[in-house]
Amino acid sequence: MNNQVNDDKSSSALDSSNAQTPIVPTLSPVIFVSETPTESPINAVPTMAPTPAKQTLPTRQPTSRPPPNRPTEFPTLAPTMANQPTSYPTIPPTREPTNYPTSTAPTKPPSKSPTKFPTAAPTPILDIRTQRYFALVAALQAYSITFISDFVDGSPQARALNWLLDEDPLVLLESTVNIPAGRIFQRYILATLFFRMEGDRWNRKGNWLTSTHECNWIGISCEDKYIASYPVVQGDYDLFPLSKERMVTDVDLEKNISYSLHVLSLYGNELSGPLPTTLGNMVELEKLWIDENSLNGTLPTELGLLTNLDDLSIYENHFEGSLPTEFGQLTQIERIWANNMRLAGSIPTEFGK
């Protein structure tokens, strides 16, 4: 009984709930559309209104505003400036100038333009001695008497040149009249011969390197000759095509020289005439160089007496004839230079014995 009452209560409650709550379909209705319209699209009427688009609205307002676009806090330090000194200079700057230029413009224009361009730099003025030195050296080279390479300190050529310029008592280079170059060359050559042959050691100097004319020096022979009157040093005096002068023709030093000489060098000194026979007395002579002169005649047989001779140079002279057979006595000879001359005949068979 109690069960029936409970069933009845349950049915009443179910009927009551059905009466209050509408029934909702679980699925949306499916609408089938025919692929071929039955009516014209123009006259067709939609069966149902279009579903309006849903708008998505925010669920709620923002809780706070966005943060402002600014730094959260200020910098603690000021920025460091680049290329700035870390401290001020210890030395204060100098004072400003007290005076200022009154004007940068010139006070007045130049008086006039230059009349011409400047010439070359002026040539330095040489003293008289230097002028004579260069004039004499140039003349000696022009006539191939001596070359600049010969004027080394202490050489016979340098000593003769300095003697002419500074010590010659005759002072020909300072003469106020024209002294021909040939006369100067002659005195220079004899002075060179004196220094080359150690004239200070001669037994007899006989006026050598004195104020007398060189033709009065002992052992020197001269003749009067006409030579060109061109001077070595230019001067204010008359010039003539030819000048009569006493010129050396022979040199004989037999009475001058002590016979202990070992080397006799007279090459390239424009000597002329025959070779002195007294050379045979220089028995200590080892080298005889008389090449590049104008010596002539025949070779003296007395050269065969120079038994210590090992070097004989006589080329480029005007010797004639043949070599003396007495040359066979030169047992120490190692070299003979005798080219560019007028020698004839055969070499003596005495050579090499």
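It should be noted that the structure appears before, not after, this text.
Residues numbered from 1 in each chain as written. Predicted model: local features only at pLDDT ≥ 70, side-chain atom pairs only at ≥ 80, totals over all residues. Heavy atoms only, no water.

**Student:** Quick question: what am I supposed to make of the packing of aromatic side chains here?
**Tutor:** In this description, an aromatic ring pair is defined by two values, namely the gap between the centres and the angle between the planes. One pass over the full model with this rule turns up 8 aromatic pairs. Ring geometry for W208 against W217: centres 5.1 Å apart, planes inclined by 35°, an arrangement best described as tilted. Neither residue differs from the other here; W208 and W217 are each classed as buried. (Phe/Tyr/Trp six-rings, centres within 6.5 Å; stacked < 30°, edge-to-face > 60°. Buried < 20%, exposed > 50% of the residue type's maximum accessible area, 1.4 Å probe, protein only.)

**Student:** Can you help me understand the pairing of strand 8 (residues 318-321) in this one?
**Tutor:** Each regular strand carries side chains that alternate between the two faces of the sheet. Here strand 6 (residues 294-298) runs beside strand 8; their pairing, made up of 3 bridges, is parallel. The residue of strand 8 that forms the bridge with G297 is F319. Looking at chain direction, strand 8 and strand 10 (residues 342-343) are connected through 2 bridges and run parallel. Residue pairing across strands places E320 opposite R342, the latter belonging to strand 10. (Pairing = 2+ DSSP bridges. Helix = DSSP H or I, 4+ residues; strand = E, 2+ residues; numbered from the N terminus.)

**Student:** I tried to follow the environment of I290 on my own but got confused; where do I start?
**Tutor:** Within the fold, I290 resides in the loop between strand 5 (287-289) and strand 6. Here the alpha-carbon distance between I290 and E316, two residues 26 residues apart in the chain, equals 9.3 Å. If we skip the residues at most four places from it in the chain, I290 touches L266, Y267, L275, L295, S313, I314, N317 and F319. (Contact = heavy atoms within 4.5 Å.)

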